[in-house]
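Residue-level structure breakdown
Each chain, written out:
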Amino acid sequence: MAASSEPIVSAEQVTKDFGSLRVLDAVTLRVLRGERVVIIGPSGSGKSTFLRCINGLEPVTSGRVVVDGLEVGGTGVQLSRVRSAVGMVFQLFNLFPHKTALQNIMLGPVKVLGLSRDEAKRRALRLLERVGLSDKADEYPGRLSGGQQQRVAIARALAMSPKVMLFDEPTSALDPELVGEVLEVMRQLASEGMTMIVVSHEMAFAADIADRVIVMDKGVIVEEGPPQTIFTNPQTVRTRVFLTRLLGRSGKHEAE
Amino acid sequence: MGLEIAYLLRGTQVTIELSLLAFAGGGVLGFTVALLRVLGGSDVTLVVKPLVDVVRGSPLLVQLLAVYLGSSVLGFSLNPLTAAFVGLSINAGAYLSEIIRGALTSVPKGQTEAGLAIGLSRMYVVWGIVLPQAFPVIVPAAMGFFISLVKDTSLAYVLGLLELTRAAKDIVDRTLDPFHTYVIVMLIYFALCYPLSVLVRVVDRQLQHKGLARERL
Amino acid sequence: MIELVIAHIGEFFSGFKITLVIALGAMLGGSLLGVLTAIFRLSRVGPLRMLSLSYIELIRNTPGLVQLLLVYLGLPEFGIRFSPLGATILALTINNGAYLAEIFRAGLQSVPKGQLEAAAAIGLPRTATLIEVVLPQALLAIYPSLTNQFIQTVLFSSIGALIGTVELTQVALILNTQTYRTIEILAALSLMYVGISAVIASASHRLGVRLERRYH
Ligand SMILES: Nc1ncnc2c1ncn2[C@@H]1O[C@H](COP(=O)(O)OP(=O)(O)OP(=O)(O)O)[C@@H](O)[C@H]1O
Ligand SMILES: [Mg+2]
């Protein structure tokens, strides 16, 4: 849709080993500005590892990742700059439990971007409003539902004004009735033109927002294409097997 | 120099003997108190707990002085060794009773109930079923406590008992070289305690590997 | 007993203040030393790890009394002289630091990895991550151990009496040589320590309940 022809994330021949285990095997992926990519694949196929390589949480064994012209890797300031250009949302939210929703969101802008507290607070409040949690600004994460925590986590990532947002199974730890509110925030984000790479098995959601679906298995991309093609007419046996296993369970949430 | 080392070694021997004696005394006392509290119910606890709390809430030094000076005021003057033994045993008993009680209560209630359900006596259930399961928790903790006890015996210095720290003081009074004397004394204590610390770590790991430690129960 | 304490309340109170000064000083200094040692202990730099480990093991495997005597009597051989109070605070700080280091290490290790990743993901530098994210959570996890260590420090500060620091125990011992009412004096002294321990324990418990309610 809004995608331009210029890649904002380019991962070239990314290989990642944990000891003798090869988790990513020469994975190449270019994501265009404004593009929405959904990654699916069986457990252990390397999806999370791939996302973590994109923001440098995991150093690559070989290959390179460039985000918005900045090489991922290196240390200190360089790495910090890349990371603040890449927002990441985790499966288990990872909010800071000793900080309120507002403080969670303000931390990065104050400590990394060097905003004044007032400015950071205004930004945080705007973001809380955007994810529908204005009334929870002073609540600690322990007192929020999973869905609310994940929305705060999204706001925390957005506060860094990232160029790309990475989502690693953002709804898979949530009770079914809380999945919708998080997907809704993500949909809204997509409609605003945010570049997103999402690991998710919410098929209806993927079909809805994805420009491209990537299927990973055993550390390689086995298939990619527009959601219609992947979901209705997969080319590889591995994708077919995986999708049939998945369809049984994901229809449930989305049917609500 | 040789004479002084011999003197320190004699003190070391007293330190070791006192540690072992007090550990035995404290162990008996601690076990008794823990079993009383676990078996005896709330009225026993009502009496025993404050006593344990007082011992754990006041300094060992004061307890040693109380036993030593108190006994002479009451007219049955204990000698320094006996007073140190009694004072350290009482102190160790209080701490060990908490270690043992904590371990006993960490064994799931279902174990006790299962034992009672098949008609075993309460006494037997605690002794024969709960205690063996608590053992992997008790052993490393009690060993760790023994190390503290070795160090604590140095306070018997104040009673004039000729253990290692006192022996050092005598030498310092004579040679006026406290630095070297106390460094050597520290090394002797270290030689006693450090191997035990390593052993505690090994035992702890072993028991955890066997899946018997509290976390796994 | 009560009338004896009341008659000498001024002395007891000043002894109590000194005890508190020693314990607070040793907790504060020991915490600084302990945090630093714990960080070194977990560092990737080999020599720093060795240094912190040696300190921890040496102190934890030798009696605090000998450490105190070494500071008070041994250091003057090198021209480093302390008052009894100064030596007591210094020795207990060094002693406490080793125990606190192990407590802090456990606390640092108890912070879930996801917290570090979340901090890294927003580009937070290492020091800010430590101060803003890790330490507060570590403190929350270990504050029962810290409380216990504080109580132990108060009790252990009584060894200051053995080098003439006029803290609570020394006040009682002086009073004993004046009045010879040994049993009453030592009983009163014990109860004072029990009282201090109980106050610390209950204050900490209340704080714990408040924190628990705040975050959950
Ligand atoms: N830090 C690590 N050390 C060793 N092995 C790891 C590490 N992290 C991941 N792995 C291994 O790498 C493989 C890929 O893991 P990854 O988490 O990327 O898979 P995934 O596709 O995200 O799976 P899931 O759907 O279960 O989240 C797995 O076999 C995993 O055990
Ligand atoms: Mg994953």
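Keep in mind it's a predicted model, so treat the numbers as computed, not measured. (Residues numbered from 1 in each chain as written. Chains lettered and ligands numbered in written order. Predicted model: local features only at pLDDT ≥ 70, side-chain atom pairs only at ≥ 80, totals over all residues. Heavy atoms only, no water.)

1. Observations regarding the interface of chain C and chain B
Taken residue by residue, the interface counts 32 residues in chain C and 35 residues in chain B. For the pair chain C and chain B, the two sides together bury roughly 3000 Å², of which 78% comes from carbon and sulfur. The largest contributions to the chain C side of the interface with chain B come from N61, V66 and L70 of chain C, which together make up 19% of the buried area. Counting across the interface, chain C meets chain B through 1 salt bridge. A salt bridge links E57 of chain C to R201 of chain B, with the shortest nitrogen-to-oxygen separation between them at 2.8 Å. In this structure, the connection of chain C to chain B is made through 8 residue pairs in polar contact (both at pLDDT 80 or more). Mapped by element, the contributors of at least two residues to the side of chain C that touches chain B are helix 3 (46-60), helix 4 (64-74), helix 7 (126-156), helix 8 (168-179) and helix 9 (182-215) of chain C. Counting residues per element, the side of chain C that touches chain B draws most heavily on helix 9 of chain C, which supplies 8 residues. (Contact = heavy atoms within 4.5 Å. Buried area = accessible area lost by both parts, 1.4 Å probe. Salt bridge = Lys/Arg side-chain N within 4 Å of Asp/Glu carboxyl O. Polar contact = N/O pair within 3.5 Å; in protein donor to acceptor, adjacent residues only side chain to side chain. Helix = DSSP H or I, 4+ residues; strand = E, 2+ residues; numbered from the N terminus.)

2. Details of the arrangement of the chains
Among 2 pairs of chains with at least one contact, chains B and C form the most extensive contact set. Nowhere do chain A and chain B come into contact; their C-alpha atoms are at least 24 Å apart.

3. Observations regarding the layout of surface pockets
Estimated volume of the second largest pocket: approximately 1300 Å³. Those elements giving two or more residues to the lining of the second largest pocket turn out to be helix 2 (76-85) of chain A together with helix 5 (84-110), helix 6 (113-121) and helix 7 of chain C. Per element, the largest residue contribution to the lining of the second largest pocket is 5 residues, and it comes from helix 2 of chain A. Split into classes, the residues belonging to the lining of the second largest pocket amount to 15 nonpolar, 7 polar and 7 charged. (1 Å grid on protein atoms, 1.4 Å probe; cavity = no way out; pocket = protein on both sides within 12 Å on 5 of 7 lines; lining within 4 Å. Points joined across faces, edges and corners; volume = space filled by probe spheres on them. Nonpolar A, V, L, I, M, F, W, Y, C, P; charged D, E, K, R; others polar.)

4. Description of empty space enclosed by the protein
Tallying each qualifying case throughout the model produces 1 cavity of 30 Å³ or more. Taken as a whole, the largest cavity spans an internal volume of roughly 40 Å³. Forming the boundary of the largest cavity are G87, M88, A153, R156 and A157 of chain A together with A118, A121 and I122 of chain C. For the lining of the largest cavity, the secondary structure elements donating two or more residues are strand 6 (86-89) and helix 5 (146-158) of chain A together with helix 6 of chain C. With 3 residues, the single largest contributor to the lining of the largest cavity is helix 5 of chain A.

5. What to know about the sheet that holds strand 1 (residues 7-18) of chain A
Residues and elements named next belong to chain A. Strand order in the open sheet formed by 4 strands is 2-1-4-5, with antiparallel pairing between adjacent strands. Each having just a single partner strand, strand 2 (21-32) and strand 5 (70-71) make up the two edges of the open sheet. Where strand 1 lies against strand 2, 8 bridges are found, and the strand directions are antiparallel. Note that in strand 2 the partner of F18 across the bridge is L21. (Pairing = 2+ DSSP bridges.)

6. Here we look at the pairing of strand 1 of chain A
One face of the sheet, then the other: side chains in a regular strand alternate in exactly this way. Residue and element names in this part refer to chain A. Connecting strand 1 to the next strand, strand 2, in antiparallel fashion are 2 residues, including G19 with a positive phi near 60°. Note that strand 1 and strand 4 (residues 62-67) share 5 bridges and pair antiparallel. Considered in strand 4, the bridge of S10 is made with V66.

7. Section: the site of ligand 1
Residues and elements named next belong to chain A. Neighbouring ligand 1 are the residues F18, L21, V23, P42, S43, G44, S45, G46, K47, S48, T49 and E169. For ligand 1, an oxygen atom lies 2.6 Å from a polar atom in the side chain of S43. Contact distances for ligand 1 include 2.8 Å between an oxygen atom and a backbone N or O atom of G44. Relative to its free-state accessible area of 640 Å², ligand 1 is covered by the protein chains to the extent of 60%. Those elements that provide at least two residues to the shell around ligand 1 are strand 2 and helix 1 (47-54). The element contributing the most residues to the shell around ligand 1 is helix 1, with 3 residues. Of the residues contributing to the shell around ligand 1, the split by class is 4 nonpolar, 6 polar and 2 charged. (Near = heavy atom within 4 Å. Areas by Shrake-Rupley, 256 points an atom, 1.4 Å probe, with all protein chains shown as cover.)

8. Let's talk about the interface of chain A and chain C
Contacts between the two partners involve 24 residues from chain A and, on the opposite side, 21 residues from chain C. Buried surface at the junction of chain A and chain C, both sides included, amounts to about 1900 Å², of which 59% is carbon and sulfur. Looking only at chain A, the three residues that lose the most surface to chain C are F96, H98 and Y140 of chain A, adding up to 28% of its buried area. A salt bridge links K99 of chain A to E132 of chain C, with the shortest nitrogen-to-oxygen separation between them at 2.8 Å. Inspection of the region where chain A meets chain C yields 9 residue pairs in polar contact (both at pLDDT 80 or more). Those elements that provide at least two residues to the side of chain A that touches chain C are helix 2, strand 6 and helix 3 (101-111) of chain A. Grouping the amino acids of the side of chain A that touches chain C by side-chain chemistry returns 11 nonpolar, 7 polar and 6 charged.

9. Here's the deal with the packing of helix 2 (residues 9-41) of chain C against helix 7 of chain C
Residues and elements named next belong to chain C. Between helix 2 and helix 7, the least distance of the axes is 11 Å, while the angle of their chain directions is 140°. Here helix 2 is positioned oblique relative to helix 7, judged by the angle of their axes. Seen along the crossing, helix 2 lies across helix 7 with a hand that is right-handed. Contacts from T19, A23, L24, A26, M27 and I39 in helix 2 reach L130, L146, Q149, F150, T153 and V154 in helix 7. Of the residues that constitute the contact of helix 2 with helix 7, the class distribution is 9 nonpolar, 3 polar and no charged. (Axes fitted to C-alpha atoms, helices over the stretch in contact; angles between N-to-C directions. Parallel < 35°, antiparallel > 145°, perpendicular 65-115°, else oblique. Left-handed = near helix turned anticlockwise from the far one by under 90°.)

10. Describing the confidence of the model for chain A
Scored by pLDDT, chain A has a mean of 90; 94% of the residues are at 70 or more. Under a pLDDT of 50 for its full length, residues 250-256 of chain A has, in the predicted model, 12 contacts with residues more than four places off or in other chains. (pLDDT = per-residue confidence, 0-100.)

11. Topic: the packing of helix 4 of chain C against helix 5 of chain C
Residues and elements named next belong to chain C. Contact pair helix 4 / helix 5: the axes reach a minimum separation of 9 Å and the direction vectors enclose 135°. Taken together, the axes of helix 4 and helix 5 are oblique relative to one another. In the crossing of helix 4 with helix 5, the sense of the turn from one axis to the other is right-handed. Residues G64, Q67, L68, V71 and Y72 of helix 4 form the contact with helix 5, whose participating residues are P84, A87, T88, L90, A91 and N95.

12. Some remarks on the environment of R156 of chain A
Structurally, R156 of chain A is set in helix 5. On the basis of relative accessible area, R156 of chain A is assigned to the buried category, the value being 3%. Linking R156 of chain A and G108 of chain A, residues 48 residues apart in sequence, is a C-alpha distance of 7.8 Å. Discounting residues that sit within four places of it in the chain, R156 of chain A has contacts with F93, N94, L95, F96, N104 and I105 of chain A together with A118 and I122 of chain C. Within the structure, R156 of chain A has its side chain in polar contact with the backbone oxygen of F93 of chain A (distance 3.4 Å). (Buried < 20%, exposed > 50% of the residue type's maximum accessible area, 1.4 Å probe, protein only.)

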